[in-house]
Amino acid sequence: MARVDLKQVKKVYPGGVEAVKCADLEIADKEFVVLVGPSGCGKSTTLRMVAGLEEISSGEISIGGQVVNDVPPKDRDIAMVFQNYALYPHMTVYKNMAFGLMLRKYPKAEIDKRVRDAAEILGITELLERRPKALSGGQRQRVAVGRAIVRQPKVFLFDEPLSNLDAKLRVQMRAEISKLHQRLQSTMIYVTHDQIEAMTMGDRIVVMLDGEIQQVAPPLELYHRPVNKFVASFIGSPPMNLLEGDLVAGEGTLCFRDRSGTLNLEVPANRRAGLDTHVGKPVIIGIRPEDLSGNTAQQVQAGHGFQAVVEVVEPMGSEINIYLSVGGKAVTARLKADSTPEENKPYVLDVNMANAHFFDVKTGLAIR
């Protein structure tokens, strides 16, 4: 069983810099968990502590039920795939993949079988006699993954393995690693700063900021029920629109009004839960770009829409992203491809308030 548990794990560097603050995380056997967050959030440090490449300052890490705080990396039964591939340039692909097994003095027949099986899984059998300099970036990454597979470890660790690849190869390798997880049924922990990678690959996603875990949840739960303003803005592309204003109660109505007075949006009855305690107080409204749509008549519907000035139009093929200014604030909308916004001209948008999110101004926490 390859369960991984982190209990109150901290990493403090000399000078008192806290890279990871009290991380508590339970990763089930055969689960694919993605650590995601901006640069410097502590995700790679967390992964390296699991690998044993960084000492923990306090807390406890266990793999397969065994506490590994003082266990050296080579004895943790893990395999790590690095961002820079870390291949030996003077060795063939075959020898790069076999080297770890050779050091452990596995029988030659066993090494050969494992290497060729891994090469077949990854589609690199014809590359086994080449050296790394003769390979493309995607091929080198496959070799690095293959070197991990032959180890048959309890846990696979991936540290931003696709960041050096071009956009097309990243998409391809995302799918390859996901299929690999399904085939091997192994525990995998994957670090990335790319939230699209996280959303498309992980069974669960761990969102981190400033060394702290913000939320752990399946991708769609993160997207639809973010626990705070940071998670809401980090997950989703283009990111969620966040605007500060006040909740104003009327006769049987509740409206959000922004500080400029441009927005006056009515909150539907089924979305008012938890908002009563914030009436008359400042709040932040969160609106996903896809919850904004072009008004076909270009007429503002009272309580359901607003007019803004289009600054940039980005045709994406199947859709259009537009960037607008409303009340001095930037807003992004994702529209249908047949929409006709024009730069530097006013445009009317309708808002799907049933999907609106609200956050406390002081704490940043979601209001529910």
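In case you missed it, the structure is sitting above this.
Residues numbered from 1 in each chain as written. Predicted model: local features only at pLDDT ≥ 70, side-chain atom pairs only at ≥ 80, totals over all residues. Heavy atoms only, no water.

> What exactly am I supposed to notice about the overall build of the chain here?
From N to C terminus, the chain includes 8 helices and 20 strands. With the principal axes as the frame, the chain shows a C-alpha extent of 80 × 45 × 35 Å. Here the chain has roughly 17,500 Å² of accessible surface; of this, 50% comes from carbon and sulfur atoms. In the chain, 45 side chains carry a positive charge and 44 a negative one; their mean positions are 7 Å apart. (Helix = DSSP H or I, 4+ residues; strand = E, 2+ residues; numbered from the N terminus. Areas by Shrake-Rupley, 256 points an atom, 1.4 Å probe, with all protein chains shown as cover. Lys, Arg positive; Asp, Glu negative; His and termini not counted. Charge placed at Lys NZ, Arg CZ, Asp CG, Glu CD.)

> I keep staring at the side chain of S186 and nothing clicks. Help me out?
Looking at the secondary structure, you find S186 in the loop between α5 (167–184) and β8 (187–192). Since its relative accessible area comes to 12%, S186 is described here as buried. Ignoring any residue separated from it by four or fewer positions in sequence, one finds S186 in contact with K30, E31, F156 and H181. (Buried < 20%, exposed > 50% of the residue type's maximum accessible area, 1.4 Å probe, protein only. Contact = heavy atoms within 4.5 Å.)

> What am I meant to see in the packing of helix α2 (residues 93–103) against helix α4 (residues 137–149) here?
For the pair α2 and α4, the least separation of the axes is 8 Å and the interaxial angle reads 30 degrees. Relative to α4, the element α2 lies roughly parallel. The handedness of the crossing between α2 and α4 is right-handed. Residue-level contacts link V93, N96 and M97 of α2 to V143, G146 and R147 of α4. By residue class, the composition of the contact of α2 with α4 is 3 nonpolar, 2 polar and 1 charged. (Axes fitted to C-alpha atoms, helices over the stretch in contact; angles between N-to-C directions. Parallel < 35°, antiparallel > 145°, perpendicular 65-115°, else oblique. Left-handed = near helix turned anticlockwise from the far one by under 90°. Nonpolar A, V, L, I, M, F, W, Y, C, P; charged D, E, K, R; others polar.)

> For this particular structure, what's the right way to read the sheet that holds strand β20 (residues 357–360)?
In a beta sheet, neighbouring strands pair by backbone hydrogen bonds and run either parallel or antiparallel. Judged by pairing direction, the sheet is antiparallel, and its 5 strands sit side by side in the order β13-β12-β11-β14-β20 without closing on themselves. Edge positions in the sheet fall to β13 (264–266) and β20, since each of these pairs with one other strand and no more. Each strand of the sheet is rotated relative to its neighbour by a mean of 40 degrees, with strand direction disregarded. As judged from the 6 bridges shared by strand β11 (residues 241–249) and strand β14 (residues 282–287), these two strands associate in the antiparallel manner. Following the sheet pairing, N241 is matched in β14 by I287. (Pairing = 2+ DSSP bridges.)

> How do you make sense of helix α3 (residues 108–122) when you look at a structure like this?
A turn of α-helix holds 3.6 residues, and therefore any two residues three or four places apart point the same way. Along its 15 residues, α3 runs 21 Å from first to last C-alpha, staying within 8% of the 21 Å computed at 1.5 Å per residue. Within α3, burial applies to I111, R114, V115, A118, A119 and L122. Buried residues in α3, looked at end-on, bunch into an arc of 130 degrees, giving them a common side. Within α3, the exposed residues directed more than 90 degrees away from the buried face are A109, K113 and E120. Among the structural elements, α2 and α4 are those in contact with the buried residues of α3. Phi turns positive, to about 70 degrees, at G123, one or two residues after α3. (Expected span 1.5 Å × (residues − 1). Arc of directions from axis to C-beta.)

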